[in-house]
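Below are the chains, spelled out letter by letter.
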Amino acid sequence: MKKNYLFTPGPTHVPAEVALAEAQPSIHHRTPQFSKIFKELSEDLKYLFQTKEGDVFTLASSGTGGMEACVVNVLSKSDKALVLCAGKFGERWNEICGTFGVETVTVDVEYGNAVDPSVVEAKLNENKDIKVVFATQSETSTGVLHDIEAISKIVKKSGALMVVDTITGIGIHKFPFDEWGVDIAVTGSQKGCMLPPGLAFVCVGPNAWPAIEGSDLPKYYWDFKKMRKSLKDATTAYTPSVSLIVAMKKAMDMIKEEGIENVWNRHARIGNATREGVKALGLKLFAGENASNVVTSVVAPDGVDIGAIIKKLRDESGVTFTGGQGEMKGKIFRIGHIGYVDDFDVIVAISAVEKGLCESGFPVELGKGITAAQKALVGNG
Ligand SMILES: *Cc1c(COP(=O)(O)O)cnc(C)c1O
C-alpha cells in the first residue's frame, strides 16, 4: 500500500466532499436544476475574484484555454501588447499573442526574479501605443509572486488594459479584482480551487468591454460576447462541464465557509513554514524574497541528481514534487502547497525532502527541517 501525496503546483488534492459532488449522476444542462447551480456558482465566483463589477465566465478548458480566450477577445490584429515575462507562464502570454499575429513588447527578467513595476512604467512611457498589458500574479515555474496592485496602478495611468494570469493566485494570494483595477483575470480549476483540471474562470470588468466589442481576432467557441449573453440567462452557450461545475459549487461552499481572508492566511502560514523548513536544511530558496505561498522552489544542491531523487520519492514513497521546467530542469525542485493543504502537509513534505536528500548521500541532519517548520507553524519560529 502506498498513499499518494501530491505536492505539485497543479493538479492539487481534491477534497472528498468535492470528489463526491463530482461523482453524482449528470443532470441535463438546459434545466432549472442546472441553471440554479450555475447561477449560484457564478455569484460565488465573484466572491472568489473579489468583484462586484465584473462578470465571471466558466470555460470548459484548462487554464491555458482561458488565457487564449483573453487574448482573442481583448485584442485586435493591429494592436500592440506588453507582456511581462518572469518565467514559462509569462512567456506563454507572449506565445499566444504571437500565434494570433499580435505585436508584442516584453519585459524580461532573469528566472527567480519578479518584474519591477518601475520597469513596466518605463516601457509604457517608451511605447505609448500599448493597448493591453499581460501579467502573471504568481509565476508558478519559478515560485515568484508579482506585485499586481502596483503594476495595475501604473497600467491604469497609461490607459492600457490590465490582464492577469492569476491561475495560481486566486484562492491562494490576495487578489481583489475591483480594488486593484484589473480589467480581465483568468484562473483554472486544478490549482487553488481544489478541483480536478478542466475548468477555467475568466473575470471581465466593465472597462474591457469596448475592446472586446471591437476585437477582430478570430474566435467562435471562445467569444466573451456570447458568454456574457448566456450568463445573463444562467447558462452557457454550449454544453458546460456539468460535473465539474457541480463540484466547483461544493468547493466554493468550502471556501466561503472558511472565508477568503482565512484561505489566504492559511497559505501564508504554510508557505512560510515550508520555506523555514527548507532553509533549516541549508538549502537555498530560488525565488528569494519574492517567494509566493504557492510553491516553494528550491535550488538543487551541487552534486545531487535532483531528477533521480524526485523520481524515487514519487515511485517508492508516493510523494510527488516537481522539478524545474525548461532551462531550470535539474537546477531546482518545487514543493507545491496550494488548495486543499493544511499545516501537517508541510511536515510530510519537509520530511520527504529530508529522506530524499539523505538517501542520495547528501548530508542532512534528519529532523532539522521538520523542527524548523513545526516551530514556524506553532508560532515559535
Ligand atoms: C498551471 C498554470 C497555467 C497553465 O494552466 P493549464 O491549466 O495547465 O493550462 C498558466 N499559468 C500559471 C501561472 C499556471 O500555474
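Predicted, not measured: the structure shown is a model, and the values here were computed from it.

1. Here's the deal with the nonpolar core
No. 1: Grouped together as the largest cluster of nonpolar side chains are 88 residues, with contacts concentrated most on Leu 75, Phe 134, Phe 175, Ile 184, Phe 224 and Met 248.
No. 2: Shared between two domains, this core takes at least three residues from each, and those domains are domain 1 (16–258) and domain 2 (259–377).
No. 3: Setting aside anything within four residues of it in sequence, one finds Met 248 in contact with Leu 41, Leu 45, Leu 48, Cys 193, Leu 195, Leu 199 and Phe 201.
No. 4: In terms of nonpolar packing, the next biggest core, distinct from the first, is built from 31 residues, Leu 281, Leu 283, Phe 362 and Ala 376 among them.

2. Structural notes on the layout of surface pockets
No. 1: Looking at the largest pocket, its volume works out to about 200 Å³.
No. 2: Lining of the largest pocket is provided by 15 residues; of these, Met 194, Glu 258, Arg 266, Gly 339 and Tyr 340 occupy positions nearest its centre.
No. 3: Looking at the lining of the largest pocket, the elements that each hand over two or more residues are helix H9 (242–258) and helix H10 (260–280).
No. 4: Residues that form the lining of the largest pocket fall into these classes: six nonpolar, five polar and four charged.
No. 5: Residue contributions to the lining of the largest pocket reach at least three from each of two domains, namely domain 1 (16–258) and domain 2 (259–377).

3. A word on the pairing of strand S4 (residues 103–108)
No. 1: Inspection of the sheet shows strand S3 (residues 80–85) paired to S4 by six bridges, in the parallel sense. Within S4, the residue paired with Cys 85 across the bridge is Asp 108.
No. 2: Read as a crossover between parallel neighbours, the route from S3 over helix H4 (residues 88–99) to S4 is right-handed.

4. Looking at the domain arrangement of the protein chain
No. 1: Once the domains are mapped, the protein chain shows domain 1 (16–258) and domain 2 (259–377).
No. 2: Spacing between the C-alpha centres of domain 1 and domain 2 amounts to 28 Å.
No. 3: Contact with domain 1, which involves 30 residues of that partner, is made by 25 residues of domain 2.
No. 4: On the domain 1 side of the contact with domain 2, Tyr 111, Ile 172 and Glu 258 bury the most area, a combined 26% of that side's loss.
No. 5: Counting the contacts that link domain 1 with domain 2 gives one salt bridge.

5. What about the pattern of salt bridges?
No. 1: Applying the stated rule across the entire model yields 19 salt bridges.
No. 2: One salt bridge connects Lys 36 with Glu 40, and the closest N-O pair in it is separated by 3.0 Å. Taken together, the residues span about one helical turn, with Lys 36 and Glu 40 both in helix H2 (residues 32–49) at a distance of four residues.
No. 3: Assessed through its relative accessible area of 32%, Glu 40 is described here as partly exposed.
No. 4: Between Lys 256 and Asp 44 there is a salt bridge whose closest N-O contact spans 2.9 Å. Of this pair, Lys 256 sits in helix H9 while Asp 44 sits in helix H2; the two residues are 212 residues apart in sequence, bridging distant segments of the chain.
No. 5: For Lys 256, a relative accessible area of 37% translates into the label partly exposed.
No. 6: Residue Asp 44 is classed as buried on the basis of its relative accessible area of 7%.
No. 7: Each member of the salt-bridge network shares a partner with another, and the members are Asp 44, Lys 249, Asp 253 and Lys 256.

6. Observations concerning the packing of H10 against helix H13 (residues 368–377)
No. 1: Across the interface, H10 lies against H13 with an axial gap of 7 Å and an inter-helix angle of 150°. Comparing the axis directions of H10 and H13 gives the class roughly antiparallel. Relative to H13, H10 is oriented so that their crossing is right-handed. Along its contact with H10, which presents Arg 269, Asn 272, Ala 273, Glu 276, Gly 277 and Ala 280, the element H13 presents Lys 368, Gly 369, Ala 372, Ala 373, Ala 376 and Leu 377.
No. 2: Counted by class, the contact of H10 with H13 contains six nonpolar, three polar and three charged residues.

7. Points about the state of the cysteines
No. 1: One pass over the full model with this rule turns up zero disulfides.
No. 2: Here Cys 70 is not disulfide-linked; the sulfur of Cys 203 is the nearest cysteine sulfur, at 10 Å.
No. 3: Left without a disulfide partner, Cys 97 is nearest to the cysteine sulfur of Cys 85, which lies 9.6 Å away.

8. A short note on the pairing of strand S5 (residues 130–136)
No. 1: Counting buried positions along S5 yields six of seven residues, so the element is predominantly enclosed.
No. 2: The pairing of S3 with S5 spans four bridges and is parallel. Bridging from a neighbouring strand, Ala 81 pairs with Val 132 of S5.
No. 3: Of the strand pairs in this sheet, S5 and strand S8 (residues 161–165) are connected by five bridges, and their pairing is parallel. By the bridge assignment for S8, Val 132 is matched with Leu 161.

Quick notes on the rules
Residues numbered from 1 in each chain as written. Predicted model: local features only at pLDDT ≥ 70, side-chain atom pairs only at ≥ 80, totals over all residues. Heavy atoms only, no water. Core = buried A, V, L, I, M, F, W, Y, C linked by side-chain atoms within 4.5 Å. Buried < 20%, exposed > 50% of the residue type's maximum accessible area, 1.4 Å probe, protein only. Domains from an automatic or database assignment. Contact = heavy atoms within 4.5 Å. 1 Å grid on protein atoms, 1.4 Å probe; cavity = no way out; pocket = protein on both sides within 12 Å on 5 of 7 lines; lining within 4 Å. Points joined across faces, edges and corners; volume = space filled by probe spheres on them. Helix = DSSP H or I, 4+ residues; strand = E, 2+ residues; numbered from the N terminus. Nonpolar A, V, L, I, M, F, W, Y, C, P; charged D, E, K, R; others polar. Pairing = 2+ DSSP bridges. Right-handed = clockwise from strand over helix to strand, strands pointing away. Buried area = accessible area lost by both parts, 1.4 Å probe. Salt bridge = Lys/Arg side-chain N within 4 Å of Asp/Glu carboxyl O. Axes fitted to C-alpha atoms, helices over the stretch in contact; angles between N-to-C directions. Parallel < 35°, antiparallel > 145°, perpendicular 65-115°, else oblique. Left-handed = near helix turned anticlockwise from the far one by under 90°. Disulfide = S-S within 2.5 Å.

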